[in-house]
Amino acid sequence: MEVDYSNIKVIGFDADDTLWVNETYFRQAEEEFASLLDGYETKNKIDQELFKMEIKNLHLYGYGIKGFTLSMVESAMDLSNNKIPQKVINQILDIGKRMITQPVELLDGIEEVLETLQSKYRLIVLTKGDLLDQERKVERSGLEKYFHHVEVLSDKKEKNYQNLLEHLEIDVSEFLMIGNSLKSDVLPLVNIGAKAVHVPFHTTWEHETVKAGEDNGDYLKLNSIKDILNYL
């Protein structure tokens, strides 16, 4: 695909599963949660009910580990008809705490890409989730030095991006977004007239998947973040 990025001045990077590993830990947590509840329901049913609870609670808790942990607790109570032992509730809370304190594992090639691009472009992080958790991960990652700005959004819809770009005085035609989620990092940007690059991660949360036919748009898809250096 031939793309022209000659007018790009600012590049936005998603954080989770673009800069570092994230979704893998949620899948591991789900496995552990299902094991704790296996006396009440099948794994498939537990997975389904947890996902429903997460979506139901999004408007209350937003995205991130804290909301996920609260949804696990609430699901455990529902699936057990409120008979879940306190010991298991404590174990669920421990899952969440371990996720929050998980070491930051950078994805392959990220630092090389940032180091190369920082001298030519203004780099920013645009992520969503819990503010404290995301700020903590940025700091622990050691990548903060490459970015002019870090923004934690409540959501990543077209309006969120439009408001932020306007606030940061970034011309939409001069902005490029790089991320692993078509739904959150690519299609909203394409729809408002910006450029976007999709770098898939091997695991995607069900809520972030895009149905066939909905992924239309003018964007570049790469197998590795390092490949972006062939275009910029």
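Structure: above.
Residues numbered from 1 in each chain as written. Predicted model: local features only at pLDDT ≥ 70, side-chain atom pairs only at ≥ 80, totals over all residues. Heavy atoms only, no water.

Colleague: For this particular structure, what's the right way to read helix α6 (residues 131–141)?
Modeller: Because an α-helix completes one turn every 3.6 residues, residues spaced three or four positions apart along the sequence face the same direction. Along α6, the residues that are buried comprise D133, Q134, K137, V138 and S141. Looking straight down α6, one finds its buried side chains confined to an arc of 135 degrees; they lie on one side. One side-chain oxygen of the residue at the start of α6 lies 3.4 Å from the amide nitrogen of L132, identifying that residue as D130. Phi for G142, located one or two positions after α6, is positive at around 80 degrees. (Buried < 20%, exposed > 50% of the residue type's maximum accessible area, 1.4 Å probe, protein only. Helix = DSSP H or I, 4+ residues; strand = E, 2+ residues; numbered from the N terminus. Arc of directions from axis to C-beta. Polar contact = N/O pair within 3.5 Å; in protein donor to acceptor, adjacent residues only side chain to side chain.)

Colleague: For this particular structure, what's the right way to read helix α7 (residues 158–167)?
Modeller: Every buried residue belonging to α7 is among Y161, L164 and L165, and all of these are buried. Projected down its long axis, α7 shows its buried positions confined to an angular sector of 95 degrees, all on one face. Exposed and oriented more than 90 degrees from the buried face of α7 are K159, E166 and H167. Phi turns positive one or two residues past the end of α7, at E169, with a value near 55 degrees.

Colleague: I tried to follow the nonpolar core on my own but got confused; where do I start?
Modeller: In globular proteins that are soluble, nonpolar side chains generally tend to be buried together. With 27 residues, the main nonpolar core has I11, F13, L19, F147, I178 and V197 as its most contacted residues. Considering each element in turn, this core owes the most residues, four residues, to helix α5 (residues 110–117). Leaving out residues up to four positions away in the same chain, I11 has contacts with L117, Y121, R122, L123, I124, F175, L176, I178 and L232. (Core = buried A, V, L, I, M, F, W, Y, C linked by side-chain atoms within 4.5 Å. Contact = heavy atoms within 4.5 Å.)

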